Amino acid sequence: LPPASNLGPMKPTIRPARDSDHNAIAAFTSATFEWGDYVAEAFPDWLADPTGCVMVAVDDGDTPVAVGRGVMLSDSELWLQGARVDERWRRRGLASAVGEAIANWGREQGALVSRLGTEDWNTAAQRQVEKAGFRQVGDWIVAVRPTPAAEPTTSGNGGKRARARRKLEPAHSSEATPAWISWRSGPLVQPSRGLHSWHWRWARLELEHLVEGARRGELWASPAGWALVRVDKERLTIGWLECGPDDADEMVGAIVDLAQDTGTERIHLPVPAVNWLAATLETSQFELHPMIIYERAL
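Just so you know, these numbers come straight off a predicted model, no measurement behind them.

1. A short note on the overall build of the protein chain
Counting its regular elements, the protein chain contains nine helices and 14 strands. Computed over its C-alpha atoms, the radius of gyration of the protein chain comes to 21 Å, within 12% of the 19 Å expected for a compact globule of 298 residues. By principal-axis analysis of the C-alpha atoms, the protein chain measures approximately 65 × 40 × 30 Å. By residue count, 48% of the 298 residues in the protein chain fall in the buried class. Nonlocal contacts in the protein chain, meaning residues at least 24 apart in sequence, comprise 73% of its contacts between residues at least 6 apart. Surface summary for the protein chain: the accessible area is close to 15000 Å², and the carbon and sulfur share equals 49%. Computed over 32 positive and 40 negative side-chain charges, the inter-centroid distance for the protein chain is 3 Å.

2. Focus on the nonpolar core
Across soluble globular proteins, you tend to see nonpolar side chains buried next to one another. Grouped together as the largest cluster of nonpolar side chains are 45 residues, with contacts concentrated most on Trp-240, Leu-241, Leu-269 and Leu-277. With eight residues, the top contributor of residues to this core is helix α8 (residues 248–261). Among residues more than four places away in sequence, those in contact with Leu-277 are Leu-188, Leu-241, Ala-248, Val-252, Val-271 and Pro-272. The next biggest cluster of nonpolar side chains, apart from the first, holds 21 residues, and it includes Ala-57, Leu-94, Val-98 and Ile-102.

3. Examining the packing of aromatic side chains
Where two aromatic rings form a pair, the distance of their centres and the angle of their planes describe that pair. Applying the stated criterion across every chain yields a total of five aromatic pairs. Summarising the aromatic geometry, the rings of Tyr-38 and Trp-46 are spaced 6.0 Å apart at their centres and angled 80 degrees between planes, so their arrangement reads as edge-to-face. The class for Tyr-38 is partly exposed, based on a relative accessible area of 31%. Owing to a relative accessible area of 5%, Trp-46 belongs among the buried residues under this scheme.

4. Observations regarding the pairing of strand β12 (residues 235–242)
Across the eight residues that make up β12, a large majority, seven, are buried. Both strand β11 (residues 225–232) and β12 contribute to a ladder of seven bridges, which runs antiparallel. For Val-231, the partnering residue across the bridge sits in β12 and is Leu-236. The turn linking β11 back onto β12 is made up of two residues, and Lys-233 within it adopts a positive phi angle of 60 degrees. Strand direction decides the pairing type here: β12 and strand β13 (residues 266–272), joined by three bridges, are parallel. Counted as the bridge partner of Arg-235 is Arg-266 from β13. Read as a crossover between parallel neighbours, the route from β12 over α8 to β13 is right-handed.

5. Topic: helix α2 (residues 39–48)
Three or more residues of α2 are buried, namely Val-39, Ala-40, Ala-42, Phe-43 and Trp-46. Taken down its axis, α2 places every buried residue within 145 degrees of arc, on the same side. Residues of α2 that are exposed and point over 90 degrees away from its buried face: Glu-41, Asp-45 and Ala-48. On its buried face, α2 sits against α1 (22–29), β2 (52–58), β3 (64–72) and β4 (77–85).

6. A few points about the environment of Val-54
By secondary structure assignment, the location of Val-54 is in strand β2. Linking Val-54 and Ala-162, residues 108 residues apart in sequence, is a C-alpha distance of 47 Å. Contact partners of Val-54, with chain neighbours within four places excluded, come to Arg-15, Pro-16, Ala-17, Phe-43, Trp-46, Leu-47, Val-67, Gly-68 and Arg-69.

7. Remarks on the sheet that holds β2
Sheet strands line up and pair through hydrogen bonds in the backbone, either parallel or antiparallel. Within the open sheet, the twelve strands sit side by side as β1-β2-β3-β4-β5-β14-β6-β13-β12-β11-β10-β7. Their pairing is mixed. If you trace the sheet from one side to the other, it starts and ends with β1 (13–16) and β7 (169–170), each paired once. In the sheet, strand β10 (residues 219–222) pairs with β11 via four bridges, with the strands oriented antiparallel. By the bridge assignment for β11, Leu-219 is matched with Leu-228. Set on the sheet, helix α5 (residues 176–184) makes contact with β10, β11 and β12; between it and β12 the angle comes to about 65 degrees. Against the sheet, helix α9 (residues 275–283) contacts β6 (135–146), β12, β13 and β14 (287–297), and its axis sits at roughly 165 degrees relative to β13.

8. Things to note about the side chain of Gln-126
Mapping Gln-126 onto the fold places it in helix α4 (residues 123–131). Residue classification places Gln-126 among the buried positions, given a relative accessible area of 12%. Separated by 3.0 Å, the side chain of Gln-126 and the backbone oxygen of Glu-119 make a polar contact. Once residues within four sequence positions are removed from consideration, Gln-126 is found in contact with Thr-118, Glu-119, Asp-120, Trp-121, Ile-292 and Tyr-294.

Cut-offs applied
Residues numbered from 1 in each chain as written. Predicted model: local features only at pLDDT ≥ 70, side-chain atom pairs only at ≥ 80, totals over all residues. Heavy atoms only, no water. Helix = DSSP H or I, 4+ residues; strand = E, 2+ residues; numbered from the N terminus. Rg over C-alpha atoms; globule rule 2.2 N^0.38 Å. Buried < 20%, exposed > 50% of the residue type's maximum accessible area, 1.4 Å probe, protein only. Contact = heavy atoms within 4.5 Å. Areas by Shrake-Rupley, 256 points an atom, 1.4 Å probe, with all protein chains shown as cover. Lys, Arg positive; Asp, Glu negative; His and termini not counted. Charge placed at Lys NZ, Arg CZ, Asp CG, Glu CD. Core = buried A, V, L, I, M, F, W, Y, C linked by side-chain atoms within 4.5 Å. Phe/Tyr/Trp six-rings, centres within 6.5 Å; stacked < 30°, edge-to-face > 60°. Pairing = 2+ DSSP bridges. Right-handed = clockwise from strand over helix to strand, strands pointing away. Arc of directions from axis to C-beta. Axes fitted to C-alpha atoms, helices over the stretch in contact; angles between N-to-C directions. Polar contact = N/O pair within 3.5 Å; in protein donor to acceptor, adjacent residues only side chain to side chain.

Pasting the structure below:
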């Protein structure tokens, strides 16, 4: 491949992605991270999703050299993800150009705000999105662990974990309003900026989400708090959590118990980055992955 210095200047051409772009995108995203990347695998589903938009920047031969996806999470919220640029074409504004094309699409759908997330170590991505007008609106932790945890840890005192005293149970839709009031007046609403998360995407939480979640069997409750829970294949995912510092140990323990009882192999738990909750998760043998959430008005 020719080095970037020999490629000359490029005026980006942005267009919607096509099925035929898959191989080119897979080629320049296969080694994005040490573990690889998810973009090539997700690309066909992205194209098939009527609530989303996938844009690419192409070279003079109409070959993709950058890609990005946007998806509407509500009538007014656009989530951006999967921004990737071929390493030979970086530092030419292609990620911003693709992102702006997706933002224009989002405006046409009625979006008033766009958001995205990035790992706290990814300073290059942070500089790029801040230059594009995004501002940081939240620090989060994505906590993950196998069920059961592989080895005892020093922070967990090295012993076998006892089950939580207060078990999580499916909640009736009448529980939605008390859960909502508790959260709106509790210690997690401000650091969350009113957001909740499913599958690495963050959006505003409204009372209707809790009501609908209860009707789908996703709202769970215990005397320690409430959670929105989904069991997806081998993973138990928490989309929203409400508890306080005094109940955090019991609530996290009840989540681990639920994962064991449902036979899931892993727990995925995104929470606002508050010290008391991070400490509880560490003691409970979760790996903590800090995330920064950015937002821009459209």
